Structure formats: structure tokens, C-alpha cells
Amino acid sequence: MFKKVLIANRGEIALRIICACKELDIPTVAVYSEADRHSLHTRFADEAVCIGPARSRESYLNIPAIISAAEITNVDAIHPGYGYLAENADFAEVCETCGLQFIGPSSKVIDLMGDKARAREAMKEAGLPLVPGSGMIATDADPKEVAARAEEVGYPLIVKAVAGGGGRGMRIVKTPDKLGGAVETARSEAENAFGNGELYLERYLIDPRHIEFQVLADTHGNTLHLGERECSIQRRHQKLLEESPSPGVSAEVRDQLGRRVASAVAEIGYTNAGTVEFLFDQQGNYYFIEMNTRIQVEHPVTEMVTGIDIIKEQIRVAAGQPLRFSQDDVVISGHAIECRINAECPVSFTPSPGDITAYHAPGGPGIRVDSMAYTGNVVSPHYDSMVAKLVAHGGDRHEAISRIRRALDMFVIEGIKTTIPLHRKIVSHPDFVEGRLSTSFLEQIAIEKKG
Ligand code: ADP
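Residues numbered from 1 in each chain as written. Predicted model: local features only at pLDDT ≥ 70, side-chain atom pairs only at ≥ 80, totals over all residues. Heavy atoms only, no water.

Student: Describe the sheet that holds strand S9 (residues 209-217), naming the residues involved and giving the relevant values.
Tutor: Pairing is antiparallel in the open sheet, where 8 strands are placed in the order S13-S12-S9-S10-S11-S14-S19-S17. In the strand order of this sheet, the two ends are held by strand S13 (286-292) and strand S17 (367-371), each with one partner. Pairwise comparison of adjacent strand axes, ignoring direction, gives a mean angle of 25 degrees for this sheet. Where S9 and strand S12 (residues 272-280) come together, 9 bridges link them in antiparallel fashion. By the bridge assignment for S12, Glu212 is matched with Glu277. (Pairing = 2+ DSSP bridges. Helix = DSSP H or I, 4+ residues; strand = E, 2+ residues; numbered from the N terminus. Axes fitted to C-alpha atoms, helices over the stretch in contact; angles between N-to-C directions.)

Student: Before we move on, can you summarise the site of the ligand with the specific residues and values?
Tutor: Taken together, 21 residues form the shell around the ligand, and within it Gly167, Arg203, His210, Gln234 and Glu290 come nearest. Gly166 is positioned such that a nitrogen or oxygen atom in its backbone is 3.2 Å from an oxygen atom of the ligand. The separation between an oxygen atom of the ligand and a polar side-chain atom of Glu277 is 3.1 Å. In isolation the ligand has 550 Å² of accessible area, and contact with the protein removes 96% of it. Taken together, the residues of the shell around the ligand break down into 7 nonpolar, 7 polar and 7 charged. (Near = heavy atom within 4 Å. Polar contact = N/O pair within 3.5 Å; in protein donor to acceptor, adjacent residues only side chain to side chain. Areas by Shrake-Rupley, 256 points an atom, 1.4 Å probe, with all protein chains shown as cover. Nonpolar A, V, L, I, M, F, W, Y, C, P; charged D, E, K, R; others polar.)

Student: A description of the pattern of salt bridges should follow, citing residues and the corresponding values.
Tutor: Applying the stated rule across the entire model yields 36 salt bridges. Between Arg254 and Glu228 there is a salt bridge; the shortest N-O distance is 2.7 Å. Residue Arg254 is found in helix H9 (residues 251-267), and its partner Glu228 is found in strand S10 (residues 223-235); the two are separated by 26 residues along the sequence. Like Arg254, the residue Glu228 is buried in the burial classification. As a salt-bridge pair, Arg259 and Asp255 come within 2.9 Å of each other at their nearest N and O atoms. Linking Arg259 with Asp255, this pair stays in helix H9, spanning 4 residues, or about one helical turn. On the basis of relative accessibility, which here comes to 41%, the residue Arg259 falls in the partly exposed class. On the accessibility criterion, Asp255 (36% relative accessible area) is partly exposed. Here the residues in one salt-bridge network are Glu212, Arg229, Lys239, Glu242, Glu277, Glu298 and Arg340, joined through shared partners. (Salt bridge = Lys/Arg side-chain N within 4 Å of Asp/Glu carboxyl O. Buried < 20%, exposed > 50% of the residue type's maximum accessible area, 1.4 Å probe, protein only.)

Student: Kindly report on helix H13 (residues 420-428), identifying the contributing residues and their values.
Tutor: Among the residues of H13, Ile420, Leu422, His423, Ile426 and Val427 are the ones counted as buried. Around the axis of H13, the buried residues are gathered within 155 degrees of arc, so they sit on the same side. (Arc of directions from axis to C-beta.)

Student: Describe the sheet that holds strand S8 (residues 199-203), naming the residues involved and giving the relevant values.
Tutor: If you trace the 3 strands from one edge of the open sheet to the other, you get S7-S6-S8, paired in antiparallel fashion. In the strand order of this sheet, the two ends are held by strand S7 (171-173) and S8, each with one partner. Across this sheet, the average inter-strand angle for adjacent strands is 30 degrees, counted without regard to direction. As defined by bridge partners, strand S6 (residues 157-161) adjoins S7 across 3 bridges and the pair is classed as antiparallel. If you follow Val159 over to S7, its bridge partner there is Arg171.

Student: Pulling in residues and values, what's your account of the pairing of S9?
Tutor: Taking burial as the measure, the 9 residues of S9 include 9 buried ones, the bulk of the element. Here S9 runs beside S10; their pairing, made up of 6 bridges, is antiparallel. If you follow Glu212 over to S10, its bridge partner there is Arg229. The antiparallel pairing of S9 with S10 creates a hairpin that spans 5 residues between the two strands, and Gly221 there sits at a positive phi of about 90 degrees.

Student: Explain the environment of Ala392 to me, and be specific about the residues and the numbers.
Tutor: For Ala392, the position within the fold is in strand S19 (residues 386-394). Separated by 53 residues in the primary sequence, Ala392 and Cys339 have C-alpha atoms spaced 8.8 Å apart. Those residues in contact with Ala392 that lie beyond four places of it in its chain are His335, Ala336, Ile337, Gly366, Ile367, Ala400, Arg403 and Ile404. (Contact = heavy atoms within 4.5 Å.)

Student: Kindly report on the nonpolar core, identifying the contributing residues and their values.
Tutor: By size, the foremost hydrophobic cluster in this structure holds 34 residues, and its most contacted members are Ile341, Ile413, Ile426, Phe432 and Leu442. Of all the secondary-structure elements, those providing two or more residues to this core are strand S11 (238-244), strand S14 (335-342), S19, helix H12 (397-409), H13 and helix H15 (441-450). At 5 residues, H12 tops the list of elements feeding residues into this core. Membership of the second largest hydrophobic core comes to 32 residues, among which are Leu24, Ala30, Ile103 and Val330. (Core = buried A, V, L, I, M, F, W, Y, C linked by side-chain atoms within 4.5 Å.)

Student: Describe the pairing of strand S2 (residues 28-33), and please don't skip the residues or the numbers.
Tutor: Of all 6 residues in S2, 6 are buried; the element is thus mostly enclosed. On S2, burial covers both faces: Thr28, Ala30 and Tyr32 on one face and Val29, Val31 and Ser33 on the other are all buried. The pairing of strand S1 (residues 5-7) with S2 spans 3 bridges and is classified as parallel. Note that in S2 the partner of Leu6 across the bridge is Val29.

Student: Explain the packing of helix H4 (residues 89-97) against helix H5 (residues 107-114) to me, and be specific about the residues and the numbers.
Tutor: Across the interface, H4 lies against H5 with an axial gap of 8 Å and an inter-helix angle of 175 degrees. Classified by the angle between their axes, H4 and H5 sit roughly antiparallel to one another. On the side of H4, the interface is formed by Ala89, Ala92, Glu93 and Glu96, while H5 contributes Ser107, Ile110 and Asp111. (Parallel < 35°, antiparallel > 145°, perpendicular 65-115°, else oblique.)

In short, shape yes, function no, at least from these values alone.
Following this line, the structure appears as C-alpha cells:
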């Protein structure tokens, strides 16, 4: 097992990784920016190293500073969390070259899945169905050729960035006359956000569900899935509320698709934890959209229903240990729902940074809160707006819903605006209660309100 692990992240995920390391008796090193001197991850790690000013580019994305911190503190492994450098193949490669174990898949697989057009090809070859779409469209592609490829894909379509993530660099195109403009804006957004203006096209599915499979693979050839998560409740193509299992997936589909996913992932030589994302159309047909090669924000719902600590498994697998259970040992028990509590206006979603003047997290049966917040803590405008993840686990979906409702009522966060009022509305809505979900759920409830 590792002698010491450095956590190249901040916020609740850094704390979550510290929890896993403590349970495995592995000392930890936190890295922090000047703005995070008083953060809980800085306080609870065994050692902490300041790596730069508040701006992420100069701290949490600063590879030389992080590698230096790892060398000074003599760690043998780095956990990247999610976001920041978690899906940066160069960072994984630098770790590999410096003899530091990157707690995640190999840089080669990160690189392959990080290019969404190549990832589509690889997963198609590995046997997964794709949303109809094009291959990569180069930055200098002739507009006539783009138009021809769009005709082949069919309208409506969605223009996406090959390096995309976080819902950025995407444009929906309903008719051919809007294609040129959409390609241009998607390209410049992708160039700004990811430094790569390459695009691809996909048929735009109407009111699909976003359903993803959690996978775990060791370095001894064992690959399995931990069931699915329903992530259809989104704002601006970003997830807001997730649950496991999905109310729209039968036991047969879970078993069949889950096994297909595990074998596809084995085919591409994947190791560690990862997520394979699908869109399900209203008829129940499913299509691969992308793979995330890291731990995800919504992993706790899977942990609650499987009883498996995914972060501990990531660490064990990265240390070369074989998985200690097989597919048949994975049992889905009850139901779990997660609400992302963001420091945002619940109507416009504009960020609401500031001082948390009062904070009390709910408890009681079946409730888990992953958070870095406390009374007196400052939500910095420099970072992601997520303040807490509120997770409820119940014997069935009905109990999970009652638990998350009462926990939302008992969550005290003062001084900043949060998405709690919106979550209250979502979990009381009859469509949510009955499991009638799609990625347009939030837009539809906004229209109902106006109407
Ligand atoms: P990102 O990596 O930026 O999160 P994804 O490819 O995972 O991008 O898509 C994010 C969300 O965008 C999906 O959950 C879905 O709501 C929407 N979306 C993506 N592709 C399609 C599509 N082909 N048809 C309809 N909606 C889509």
C-alpha cells in the first residue's frame, strides 16, 4: 500500500479522499491556494503545502508546483479528485515519469477518452451503440463539407467539442441555415475553454434521459460495474440532482447493459474507477455519449446503494491490489438521491459567493453530507460553486424522497444564496415523484410556473 498520498484538489472531494486515506491508514498531503489557507482539507490532511495564489491556473492547475509539493513531502501517489487535473493526460504522464502513482487510469486511456470523437470510435469498436454522429471536424474544415456531414447526421443536431466537458462548447442546431453560426461559436468557445477548437456532430435526441454506469477495473484483468445513476435533472447540460438506481432502468437492462459496459471498458484497457455515459431515448433505446476517466461528483449515490467505498477501491487498485469482489457480489440495496447544493441564485443560477454566516448540516437516518462548508467559511468566487452534496438513502425510492425532503428542510446555510429552494421544488414535483424524468425536466417546470 502507499506510504503517503497527495491530494491534488480542494473542497469536498479533497476532504472525501482524506476520509478514505484515514480509513486505510495512509498519511495525506493537502495542497492549497492562498485563498484556501483555512479550508478543511488543509486542516485535516497530515501535511499541507501552499502551491500558489487563489487563481486556479497558478495553484490547483499548476503541475510543476504540485509535483514539487509531492517531491518535498515524499509521497508515492497522487489522487487528482475530479475537475482540475483529473482528466489531464499530461499530468498523469508527468506523474508516471516522476515515479508517482497517479490514482486513476493510464495517461494513454485518459488521452483516448479525452478526445470525444476518438472515444466514440473506440467504444463503437468495443461494441457499444452510439448516438448517430460524425467523426472529428478539423478547425480548418470546409463549411461545405461540414454541411454535407450534417446532412448525413440529420437535424436537429448538436455541435460538440471533442475536448468538451461541463456542458461547454455545445450548440443545438435545428435547421441547416443555423449550422455555420453554431459551428463558429462552438469552435471559439471550445478554443477558449479547452485550447482545442476541434468539433464533432451528433443527432440531437429529444427529451432523453442521462443514465451512466459506474465501472471499476483492477490491473489483474477484473472489470465490473456498480449499476447506473440517473442524472437527467440538469441545468445548462450540467447535473444538479442524481439518483441510483434509475427509476427508468429495469433489472434486466441493468444487468445486460452493465455487462456490455464492463466488457467494453476492459477492451480499451481501462483500469481504476470510471463512468460510461449514455442517453436513453423515450423508447428506451440507449446510446453511448462519453466516458469520464475519474471519480465523479455523484459517486456517493452508488456508494450508498452498493455499500462499496469507491475512493478506497480506487486507491487499492492503483496500489496494484486485485478487486476483492466479483460482479455477482455487487448487490443494489435500496435507493439513493443526491442534491448538489450550489452557492447560486436558485432561479438565474448566477454564482453567489460570500461568507457563510450560519451552517448546520442535517443528520438522522439515511443522510450523508459531503461538504467543506462551516460557519465563518468563505465561498470564494475563484472556485466551483458547489457548497455541499446532500445524499439520502432509503429502503426504496419513496423513502429516499421523504428523507431528502426533510433533510432539505433542515439544512441551514445563511449568508449566501443556494439551490436548496430549487431542490425542494424538484423533489416535490409529481413527475419527479413518479420517475418521469428527462434532461428537459427543469425547463418544463420553469414553463409550468410561467403558465
Ligand atoms: P459534457 O462532457 O460537456 O458534460 P456530454 O456529452 O456529457 O457533455 O453531454 C452533457 C449533456 O448534454 C447530456 O447529459 C445531455 O443533457 C446533453 N446532450 C449531449 N448530447 C446530446 C444529444 N446528442 N442529444 C440530446 N442531448 C444531448
